[in-house]
Amino acid sequence: MAVALERLLEAARLDGHYAEHEHLYGEDLVLRIEEDGDGANVTVRWVPTGNSGADDGDVDDGEKLAV
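Quick caveat, the model's predicted, so the values are computed rather than measured. (Residues numbered from 1 in each chain as written. Predicted model: local features only at pLDDT ≥ 70, side-chain atom pairs only at ≥ 80, totals over all residues. Heavy atoms only, no water.)

### Focus: the overall build of the protein chain
Put simply, the rule is: Numbering of helices and strands runs from the N terminus; a helix is a DSSP stretch of H or I covering at least four residues, while a strand is a stretch of E covering at least two. Method for areas: the Shrake-Rupley scheme with a 1.4 Å probe, in which residue coverage is limited to the protein chains shown.
For the protein chain, the count of helices and strands is one helix and three strands. When the helices and strands of the protein chain are placed in sequence order, the string is α-β-β-β. Of the accessible surface of the protein chain, which amounts to about 4800 Å², a share of 49% is contributed by carbon and sulfur atoms.

Here is the structure:
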């Protein structure tokens, strides 16, 4: 899960946003864990505060995704 969170922040940085671990405090994150052979695939999704529109569960332009 730590790797997924680190990739989530990196995705935000690549989009030109300043994002550090403290930006995730108090935020709602969506975590999905799926079986992947002998291991697991962890996906974390985050909609940064201030993003307009309701969260319909689908990844859109305002959402950050890490796998």
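### Examining the pattern of salt bridges
Applicable threshold: Note on definitions: salt bridges are taken to be side-chain nitrogens of Lys or Arg within 4 Å of carboxyl oxygens of Asp or Glu. Accessibility here uses a 1.4 Å probe with only protein chains present; expressed as a share of the type maximum, an area under 20% marks a residue as buried, one over 50% as exposed, and anything in between as partly exposed.
With the rule as written, the count across this model stands at four salt bridges. Of the charged contacts, one joins Glu 10 and Arg 13 as a salt bridge, the two residues approaching to 3.3 Å between their closest N and O atoms. Placement of both Glu 10 and Arg 13 in helix H1 (residues 2-14) is noted, with a separation of three residues, approximately one turn of the helix. For Arg 13, a relative accessible area of 27% corresponds to the partly exposed category. A network of salt bridges, in which partner residues are shared, links Glu 6, Glu 10, Arg 13 and Glu 20.

### Topic: the nonpolar core
In plain terms, the rule: As used in this record, nonpolar core signifies buried Ala, Val, Leu, Ile, Met, Phe, Trp, Tyr and Cys residues forming a set joined through side-chain atoms within 4.5 Å.
Within the largest apolar cluster, nine residues are counted, these being Ala 4, Leu 8, Leu 9, Ala 12, Ala 19, Leu 24, Val 42, Val 44 and Trp 46. By residue number, the principal contributor to this core is H1, which donates four residues.

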